[in-house]
Amino acid sequence: MVALPDVEPATDRRLVDIRGLTVDFDMGARVSRVLHGIDLSIDKGEVVGLVGESGCGKSVTWLAVLGLLGPRAHVGGIATLGGEPLLGIGDERLSRVRGGRIAMIFQDPTACLNPVKRIGAQVCEALHLHRGIVGERARAEARRLLDRVGIAAAAQRMNEYPHQMSGGMNQRVMIATALAGEPDLLVADEPTTALDATIQAQILDLLREVRRDTGMAMVLISHDLGVVAENCDRVAVMYCGRVVEQAPAERLFEKPSHPYTRGLLAALPDLAGPTRRLESIPGNVPEPWNLPTGCAFAPRCGACRDFCTGTVPPYRAVAAGHLVACARAGFLHHAPSAQSSAVAR
Amino acid sequence: MMRYLAIRGLRAILTIAFVVTFAFFILRLSGDPALLILSPEAPPEAVEAFRKSWGLDRPLWEQYLRYFVAIFEGNLGRSMRDGRPALDLVMDRVPATLMLTLPAFALKLLIGVPAGIFAALRRNSFVDRLVIVCSVAGHSVPSFVLGLVLVLLFAVNLNWLPSGGADNWKHAILPVVTLGTAGAAIIARFTRSAMLEVLGQPYVRAALAKGVPWPSVVWRHALPNAAIPTVTIIGFMVGTLIAGAVVVESVFSWPGVGRMLVVGVANRDLAVVQCVLLLVAMCMVASNFTVDLLYGWIDPRLRAWATGASGH
Ligand SMILES: Nc1ncnc2c1ncn2[C@@H]1O[C@H](COP(=O)(O)OP(=O)(O)OP(=O)(O)O)[C@@H](O)[C@H]1O
Ligand SMILES: [Mg+2]
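Description of the structure in this document.

Cut-offs and rules
Residues numbered from 1 in each chain as written. Chains lettered and ligands numbered in written order. Predicted model: local features only at pLDDT ≥ 70, side-chain atom pairs only at ≥ 80, totals over all residues. Heavy atoms only, no water. Helix = DSSP H or I, 4+ residues; strand = E, 2+ residues; numbered from the N terminus. Buried < 20%, exposed > 50% of the residue type's maximum accessible area, 1.4 Å probe, protein only. Contact = heavy atoms within 4.5 Å. Areas by Shrake-Rupley, 256 points an atom, 1.4 Å probe, with all protein chains shown as cover. Polar contact = N/O pair within 3.5 Å; in protein donor to acceptor, adjacent residues only side chain to side chain. Pairing = 2+ DSSP bridges. Buried area = accessible area lost by both parts, 1.4 Å probe. Salt bridge = Lys/Arg side-chain N within 4 Å of Asp/Glu carboxyl O. Nonpolar A, V, L, I, M, F, W, Y, C, P; charged D, E, K, R; others polar. Near = heavy atom within 4 Å. Patch = residues over 30% accessible without salt bridge, like charges linked within 9 Å, V, L, I, M, F, W, Y side chains within 5 Å.

## Comments concerning the overall build of chain A
Across its full length, chain A holds 12 helices and 12 strands. Per-residue burial for chain A yields a buried fraction of 52% across its 345 residues. Within chain A, contacts between residues separated by at least 24 positions form 65% of all contacts whose residues are at least 6 apart in sequence. Within the structure as shown, chain A displays about 15,000 Å² of accessible surface, and the carbon and sulfur contribution to it stands at 52%.

## What to know about the overall build of chain B
In terms of helices and strands, chain B carries 14 helices and zero strands. C-alpha extents for chain B along the principal axes are approximately 85 × 60 × 30 Å. Sorting the 312 residues of chain B into buried and exposed places 42% on the buried side. A fraction of 75% describes how many contacts in chain B between residues 6 or more apart in sequence connect residues 24 or more apart. A total of about 16,000 Å² of accessible surface is found on chain B, and carbon and sulfur atoms cover 69% of it.

## Some words on unusual backbone geometry
Residues and elements named next belong to chain A. Of note, A153 is a non-glycine position whose phi angle comes to about 55°, a positive value. Its relative accessible area of 44% is what places A153 among the partly exposed residues. Positive phi, close to 45°, is recorded for E182, a residue that is not glycine. Mapped onto the elements, E182 comes out in the loop between helix 7 (167-180) and strand 7 (185-189). Overall, the relative accessible area of 52% leaves E182 in the exposed class.

## Some points on the side chain of D269(B)
Position of D269(B) relative to the elements: it lies in the loop between helix 12 (257-267) and helix 13 (270-298). Within the structure, D269(B) has its side chain in polar contact with the side chain of S79(B) (distance 2.8 Å).

## A word on the sheet that holds strand 4 (residues 73-81) of chain A
Residues and elements named next belong to chain A. Taken in spatial order, the four strands line up as 2-1-4-5 in an open sheet, and their pairing is antiparallel. Among the strands making up the open sheet, the edge pair consists of strand 2 (31-43) and strand 5 (84-85). The pairing of strand 1 (residues 14-26) with strand 2 spans 10 bridges and is classified as antiparallel. Paired with V23 across the bridge in strand 2 is L35.

## Structural notes on the interface of chain B and chain A
With 20 residues of chain B at the contact, the number on the chain A side is 25 residues. Buried surface at the junction of chain B and chain A, summed over both partners, amounts to about 1,900 Å²; 61% is from carbon and sulfur atoms. It is R205(B), A209(B) and K210(B) that lose the most area in chain B upon contact with chain A, and together they represent 31% of the buried surface on that side. Taken together, the connections running from chain B to chain A amount to two salt bridges. Contributing elements (two or more residues each) for the side of chain B that touches chain A: helix 9 (202-209) and helix 10 (214-239) of chain B. Per-class residue counts for the side of chain B that touches chain A are 11 nonpolar, three polar and six charged.

## A closer look at the site of ligand 1
Residues and elements named next belong to chain A. Around ligand 1 sit 14 residues in total, of which S54, G55, K58, S59 and V60 are the nearest. At a separation of 2.4 Å, an oxygen atom of ligand 1 approaches a polar side-chain atom of S54. Between ligand 1 and E190 there is a distance of 2.9 Å, counted from an oxygen atom to a side-chain nitrogen or oxygen. Contact with the protein chains removes 70% of the 630 Å² of surface that ligand 1 exposes when unbound. With three residues, helix 1 (residues 58-65) is the largest single contributor of residues to the shell around ligand 1. Taken together, the residues of the shell around ligand 1 break down into six nonpolar, five polar and three charged.

## Some thoughts on the environment of V127(B)
Residues and elements named next belong to chain B. Along the polypeptide, V127 turns up in helix 6 (residues 126-140). A relative accessible area of 31% places V127 in the partly exposed class. Along the sequence, V127 and A115 sit 12 residues apart, while their C-alpha atoms lie 8.6 Å from each other.

## Observations concerning a nonpolar patch on the surface
Residue and element names in this part refer to chain B. A cluster of nonpolar side chains, contributed by V141, F144, V145, L148, V149 and V247, occupies part of the molecular surface with about 450 Å² of accessible area. With four residues, helix 7 (residues 143-157) is the largest single contributor of residues to the nonpolar patch. As for its position among the elements, V247 is in helix 11 (residues 246-251).

This is the structure in C-alpha cells:
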C-alpha cells in the first residue's frame, strides 16, 4: 500500500481516493499546469458534487483519473479505486475500469454517440465489453436497459441512429450504456447543461432513480449550485485547479467558509424570495499559465489580506468533514447570504 | 427514393449536356478542321468539298442541333482523319488506358489510405512528417516532371525499364508509378486530416470512456467516420480512370485515350475529341453518383432519400 498523506482517514467505505493529483498540458512552447494537487475521495454509494467556474479543472480531474487526456497531458499524484492504483496501470487494465467500474457521461450526449452506429449496437458494445453478453441476449438486455432509462418503444429505438433522437433521449442512451457495465461510480460531467429545463429535471430524476436502484456512487459535475444542493451528499468547490472547500452539502450551503464559495452562492438566483440582481464574482478566472502567487483567488477576493498573496493557503478542517483552503477561514463571520439557506433544503 | 433518383438523373443529364455543349463550341471556334486536316496546298475546291461533306458549311446552331440529335440516336460521328466511327476508335483505346489507371488506382489506395491513417495515429512522429512532406511533394510536383525524372533515373541511367511505348508489362511500370504516386499523396493527405478530425470528436473519447480498447476505437469507431470524406476523393479518382492519364500517356507515348485526346485536339478531329469528352463527363457523373450512394451507405445522416430531402 502507498502511504497516503493523511487529509482524511481512509475507511473501508472508501471507493475512490485521489491524492495530490496534478495535470500538466504540454503546449509545445510552454507547459501549463491545470491541476495543482487535487485531494478528493468518494465513498461507496455517495453523491459528491463538483462545482466551480468554467476552466477550473472539474472535467480534467476525472478525465485524468480515467487516463482519457491523451499524450500531451502529464498526470501526477495518486488515484486509487478500492485500494488499487489507477494511474499508469496500462491500457488493458484501464479499459476494464472504464465503463466497468467507473462510467462517465458527458455534456453533449449527441456528440458522444457514434453517428454511424445504431443506438442498440452502442449499448450492446458495453454489454459485450463488461459482461461478456453477445447476440440476442445482449439485444434483450440492451432493450431492458433502454426501457429502464425511460425510452419508449425501446425495441424500435434500438435500430435508430443518434441524429434521429433528441438530446435528452441520447443522454438516456448514454446512461443506459453506463448502466450496462454495472459500475461502482458514475461520473456525470454536466449531464444536463446542453438540455432544456424540463428535460434537465427529467434526467436528474432518472439519475436519482437509477442510483437508488443500483446503489452506485456518483460524482455530479455542475455549474448549477441548485442542482448540486438537491442531489448531493457532499460538495467540493474547485478554483483554478485546486479544491478550495469541501463539506457535507447542507453544511456548505449553510456555512460556506471560503470567500469563493460565498461568491458562488451569492451569484445564485434566489428561488424562494423576490428576484434580485445576481452578484457575480468580480474579475475573471486567470489562465492556468498566469496564476497569481499565493491564493489564486486573492485578486478577486473581498476579504484578501497581504499574507494571502504570499503562500498558497493550506487545506484545513474548520469542522468535521469541512475542509477549507483559505488563510482567513474561521476568522470571517459566517454570514450566509439569505438565499443560500433557501437553497439548502 | 424515386424522387431522389429522378432529381439526380436529371442533374446528371444536364451536367453531361453542358460539357458536350462547351466542348462543341470551343472546338469549332478555335480553328477550322478543314485547314488542319487537308494539306496546306489543297485547292480551295477540295477544302470546300471537305467542309460540305462534314457539314461544316452549315450555320453553327444547325451543326449543334444535328450533333445533339445524333447523340440521342447513338451516333457519335466519324473521325475526320480515317472515317471510322469515333466511338469505335475511342473504345479501342480504353483497355490501354485502364491498364495504366487501374493498377495506379490500386497503388493509390494501398499506399495512400494506410499512410494517412498511420500518420494521423502517430501525429507529429517521424512517419507523420514523412507523409506530410511526401504528400506536399506529390501534390506540387507536376506529373510530367515526375515522369521525366523517373525516366531519367530508371530508363536512361539505370537502364532497368523502357522509357516509353507499350509492348509489354514492363512498359507500364513507370507510367503506373508516376500516376500512382501523385494520387497516393492526395489520398494520404485527405485520409490523415479526416482521421485527425474524427479522433478529436467527443464520441471517440466517449468510446474510450465506456471501456472500448484503443485498437477497436480506431477500427470500429474512428475509421468508419473518417471514411466519409476520404470516399469523396477516392470517388473523384474513379471518375478520372478514363481520362486522368492524359499527361502521363503523352510523356510515356502510351497509346491510350488520353493521348488520343491530345492528338485529336491538335488535329481538330472533332468527333473523336467530343466522343472522349462525352465519355469523361459520363464517368464523372457516374462516380459522383456512386459517391453519393456510398455516403448514404456509410453515414446514416446523409441518407438523402430516406429523409425525403431533395439533395443538398
Ligand atoms: N486538452 C487540453 N489541452 C490543454 N489544456 C486543456 C485541455 N483540456 C483542458 N485544458 C485546460 O484545463 C483547464 C481545466 O479544464 P476543464 O475542462 O477541466 O474545466 P472545467 O472545470 O470542466 O470547465 P467547464 O465548466 O467549462 O467544463 C482549462 O484551463 C482548460 O483550458
Ligand atoms: Mg468541464
